[in-house]
Amino acid sequence: MSRVKVAIRCNICGEKFVLRGRREKGKIDTGFKQCLCNNTLDFEIQEVAL
């Protein structure tokens, strides 16, 4: 498990979040569930260099 920094952008309202997460089995888990606009599915997720 390695720590990674992730930028999440909501494709509905455009809100941006920068979080730290853990990479496990090729998937990144940040615990992020939903945007402030109640969107739970439509996000753009990018890994950011620490």
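Here, every reference points to the structure presented above.
Rules used in this analysis
- Residues numbered from 1 in each chain as written.
- Predicted model: local features only at pLDDT ≥ 70, side-chain atom pairs only at ≥ 80, totals over all residues.
- Heavy atoms only, no water.
- Phe/Tyr/Trp six-rings, centres within 6.5 Å; stacked < 30°, edge-to-face > 60°.
- Helix = DSSP H or I, 4+ residues; strand = E, 2+ residues; numbered from the N terminus.
- Buried < 20%, exposed > 50% of the residue type's maximum accessible area, 1.4 Å probe, protein only.
- Pairing = 2+ DSSP bridges.
- Axes fitted to C-alpha atoms, helices over the stretch in contact; angles between N-to-C directions.

Q: What am I meant to see in the packing of aromatic side chains here?
A: For any two aromatic rings, the description comes down to two numbers: the centre-to-centre distance and the angle of the planes. Per the counting criterion, the structure on display carries 2 aromatic pairs. Ring centres of Phe17 and Phe32 lie 5.0 Å apart, and the angle between their planes is 50°; on these two criteria the pair is classed as tilted. On the criterion of sequence distance, the pair formed by Phe17 in strand β2 (residues 16-24) and Phe32 in the loop between β3 (27-29) and β4 (43-48) is long-range, its members being 15 residues apart. With a relative accessible area of 18%, Phe17 lands in the buried category. Using a relative accessible area of 22% as the deciding quantity, one classes Phe32 as partly exposed. Ring geometry for Phe32 against Phe43: centres 5.2 Å apart, planes inclined by 85°, an arrangement best described as edge-to-face. Of the two residues, Phe32 sits in the loop between β3 and β4 while Phe43 sits in strand β4, which places them 11 residues apart along the sequence. Aromatic rings pair up to connect Phe17, Phe32 and Phe43 into one cluster.

Q: Where do I start with the sheet that holds β3 in this structure?
A: Paired through their backbone hydrogen bonds, the strands of a sheet run either parallel or antiparallel. With antiparallel pairing, 4 strands are arranged side by side in an open sheet as β3-β2-β1-β4. Among the strands making up the open sheet, the edge pair consists of β3 and β4. The sheet shows a mean angle of 45° between the axes of neighbouring strands, direction not considered.

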